[in-house]
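Spelled out, the chains give:
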Amino acid sequence: MSAKDRRLAELRGSIPEIDPIDAAALQARGAVLIDVREPDEIAAGSPVGAERIVRGFLELKVENAVPDPKTTVLCLCAGGVRSLFAAEGLRTLGYEDVRSVRGGFNRWKTDQLPIEVPARLDDDARERFSRHMLMPEVGEKGQLRLLESKVLCIGAGGLGSPVALYLAAAGVGTIGIVDDDVVDRSNLQRQIVHTDARVGESKVSSARETLTALWPKANVVGFETRLTSDNVDEIFGQGWDVVVDGSDNFPTRYLVNDACVKHAIPNVHGSIFRFEGQATVFWPTRPAADGQRGPCYRCLYAEPPPPELAPSCAEAGVLGVLPGVIGLLEAVETVKIVLGIGKPLVGRLLTYDALEQRFTELQLEPDPGCAYCAPGKPFPGYVDYVQACAAPAAVAAATS
Amino acid sequence: MSTATIRIPTPLRSFTGGADEVTVGADTVRGALDALGERHDGLIPRILTETGEARPFVNIYLGSKNVKTLDGLATTIADGDVVSIIPAVAGGRS
């Protein structure tokens, strides 16, 4: 008897083995099935819902996939041999109920149990996103989620520029951009996706050029139009996971809010004025930390200000770096929402004062009578507000 | 009477001579706003309606809480409290 066979006989005496059909039943009841084969083997197929941790990294990575050592763990390889060694390794780590799947994936297939071909990162993505993958909160699974995600940016201006740039860098696979404007030289003080050479070009195509230069595989979906009640459903109804509001006027902000409520899309909100900014996440269908649901924009401000009292116009000016700070807060929230990690800014308004270098967190409460997001209310329809920008004299009074 | 600090948002600082904070003595949030209005002409109509309620595009906070969730403008204030005026701000794209 060879040393290998002697060792295998020992393992078979101590590690319980389980038939694939019984393993699948246990998996359905909460046991964790770990496919320990090599990536090129797994690329051809793996049991549905299995964790995939290559044997060589099993002990190093298993605790992220199976934090509780009391969980039943089922190890699977190609033929049921490597899984014995894997199971023994997990036992030594302290997992109490570890079993090896008899006959491995070969028998799993002949028994016609469900398999899937897992999505896989290619070599470029593996290298590009390696600093994400090193973190267990992201990992390969999280990176795949980012790659499959679709985020719609409203505006490719001060806020939209840093948002779109960092989302492309992070590997958000599909980035939609709504903007009807062209690049102006006065934009370049803060709108960092555009370039001097592209003054006069559409902002959507300029942004696409920068994003795909950073990451050629970024899928940039452009909407060179102004958002109105006529096109908002068509644009928002394309399966977006998150909408990031970087618009610069009240009519658009209210359309974005109302469409996000209607389509149940989280609305990552940021706004800026001179040296001050605000950021929050409007997501009424997600409960806030205290168990109460989150508010929408209308819970906070039911109606836009009338033109004579509106404080916000291009003439007011803005510190060029400020949209970077607020836009990146929006980008962070977006990535967290896609990954399903951390505590989103739901029910909290973060205000930022650049001159004081001060962040303040304010609590936002949902309005139980909100016409748009209160549960059980029929959608009241969109409103096309008139651009609420003060006349020059009033602007001077309000902002000078 | 308590001494409170009122934080003035950028769009309204033209009414306070550029000051970002104003310290007032008052017992309630309404009293604090009244004191602010006495000192800085034209400011209160931006914040309150003619009937003295907060305008729908302005929120008044005491500390981290919207006064709507407390006793509204009748909410009492204590020494050192911070009252923040948080108007809707649209800017971002242009």
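One structure accompanies this document, and this report is about it. Fair warning: this is a prediction, and the values are worked out from it, not measured in the lab.

**As for helix α13 (residues 250–263) of chain A**
Residues and elements named next belong to chain A.
Right, so step 1: The terminal C-alpha atoms of α13, which comprises 14 residues, lie 20 Å apart, in line with the 20 Å expected from a rise of 1.5 Å per residue.
Right, so step 2: Burial within α13 is extensive, with twelve of its 14 residues counted as buried.
Right, so step 3: Of all the residues in α13, the buried ones are F250, P251, T252, R253, Y254, L255, V256, N257, D258, A259, C260 and V261.
Right, so step 4: Turning to α13, the residues buried within the fold contact β8 (150–154), α12 (232–236), β11 (242–245), β12 (267–273) and α14 (297–300).
Right, so step 5: Looking one or two residues past α13, A264 carries a phi angle of roughly 55°, positive in sign.

**Things to note about the nonpolar core**
Right, so step 1: Grouped together as the largest cluster of nonpolar side chains are 46 residues, with contacts concentrated most on A:L167, A:I175, A:I177 and A:L211.
Right, so step 2: Among the elements that make up this core, the one with the highest residue count is helix α15 (residues 322–339) of chain A (seven residues).
Right, so step 3: Ignoring any residue separated from it by four or fewer positions in sequence, one finds A:I175 in contact with A:V151, A:C153, A:A164, A:L167, A:A168, A:L211, A:N219, A:V220 and A:V221.
Right, so step 4: Among the nonpolar cores identified, the runner-up in size contains 41 residues, and B:I44, B:I60, B:L62 and B:I77 belong to it.

**Observations regarding the side chain of B:H40**
All names here are of chain B.
Right, so step 1: Locating H40 in the fold gives a position in the loop between α1 (29–39) and α2 (44–47).
Right, so step 2: Looking at H40, its side chain comes within polar contact range of the main-chain oxygen of F15, at 3.4 Å.
Right, so step 3: Ignoring any residue separated from it by four or fewer positions in sequence, one finds H40 in contact with F15, T16 and V22.

**Points about the pairing of strand β1 (residues 2–7) of chain B**
All names here are of chain B.
Right, so step 1: Looking at chain direction, β1 and strand β2 (residues 21–26) are connected through six bridges and run antiparallel. Pairing of T3 across the sheet is with G25, part of β2.
Right, so step 2: Examined bridge by bridge, β1 and strand β5 (residues 82–87) share three bridges and lie parallel to one another. Its bridge partner being in β5, R7 is matched across the sheet by S84.

**Section: the packing of helix α10 (residues 160–170) of chain A against α15(A)**
Residues and elements named next belong to chain A.
Right, so step 1: At their nearest, the axes of α10 and α15 sit 8 Å apart, and the two run at 40° to each other. Relative to α15, the element α10 lies oblique. Of the two possible hands of crossing, α10 and α15 adopt the one that is right-handed. Contacts from P162, V163, Y166, L167 and A170 in α10 reach P323, G324, G327, L328, E330, A331, T334 and V335 in α15.

**As for unusual backbone geometry**
Trans peptide bonds make up the majority, and among non-glycine residues the majority have a negative phi.
Residues and elements named next belong to chain A.
Right, so step 1: Backbone geometry at A264 places phi at a positive 55°, although glycine is not the residue there.
Right, so step 2: Relative to the helices and strands, A264 is located in the loop between α13 and β12.
Right, so step 3: The residue R274 is not glycine, and still its phi comes out positive at about 55°.
Right, so step 4: Relative to the assigned elements, R274 resides in the loop between β12 and β13 (276–282).
Right, so step 5: Note on R274: relative accessible area 24%, which makes it partly exposed.

**A look at the sheet that holds strand β4 (residues 65–66) of chain B**
Neighbouring strands of a sheet are bound in pairs by backbone hydrogen bonds; such pairs are parallel or else antiparallel.
All names here are of chain B.
Right, so step 1: Taken in spatial order, the five strands make up an open sheet running β2-β1-β5-β3-β4, and their pairing is mixed. The open sheet has two free edges, formed respectively by β2 and β4, since each of these has just one partner strand.
Right, so step 2: One ladder, built from two bridges, connects strand β3 (residues 58–62) with β4; its direction is antiparallel. Of the residues in β4, the one forming a bridge with L62 is K65.

Here is what the cut-offs are and how they apply
- Throughout this document, residue positions are counted from 1 along each chain, in the order its sequence is written.
- Each chain gets a letter, beginning with A, and each ligand a number, beginning with 1, in the order they are written.
- This being a predicted model, a pLDDT of at least 70 is required before a residue's local features are given, and a value of 80 or more before pairs of side-chain atoms are given or counted; all residues contribute to the totals for chains, interfaces and linings.
- Calculated side-chain values reflect all of the structure's heavy atoms, with hydrogen atoms and water omitted.
- Going along the chain from the N terminus, every DSSP run of H or I of four or more residues is numbered as a helix, and every run of E of two or more is numbered as a strand.
- Here a helix's expected span is defined as the number of its residues, less one, multiplied by 1.5 Å.
- Categorising residues by exposure relies on relative accessible area from a 1.4 Å probe, with only protein chains included: less than 20% of the type maximum marks a residue as buried, more than 50% marks it as exposed, and the intermediate range marks it as partly exposed.
- When checking whether two residues touch, look at their non-hydrogen atoms; a contact exists if any pair is within 4.5 Å.
- By nonpolar core we mean a set of buried residues, namely Ala, Val, Leu, Ile, Met, Phe, Trp, Tyr and Cys, connected to one another through side-chain atoms within 4.5 Å.
- In the analysis that follows, any N or O atom pair within 3.5 Å is treated as a polar contact, provided that within protein one partner can donate a hydrogen and the other can accept it, and provided that, for residues neighboring in sequence, both atoms belong to side chains.
- DSSP-based pairing: two strands are paired if at least 2 bridges between them are found.
- Think of each axis as a best-fit line through the C-alpha atoms, taken over the contacting stretch in the case of a helix, with angles from 0 to 180 degrees between the N-to-C directions.
- For this classification, under 35 degrees means roughly parallel, over 145 means roughly antiparallel, 65 to 115 means roughly perpendicular, and everything else is oblique.
- Crossing handedness is read from the near helix: turned anticlockwise from the far helix by less than a right angle, it gives a left-handed crossing, and turned clockwise, a right-handed one.

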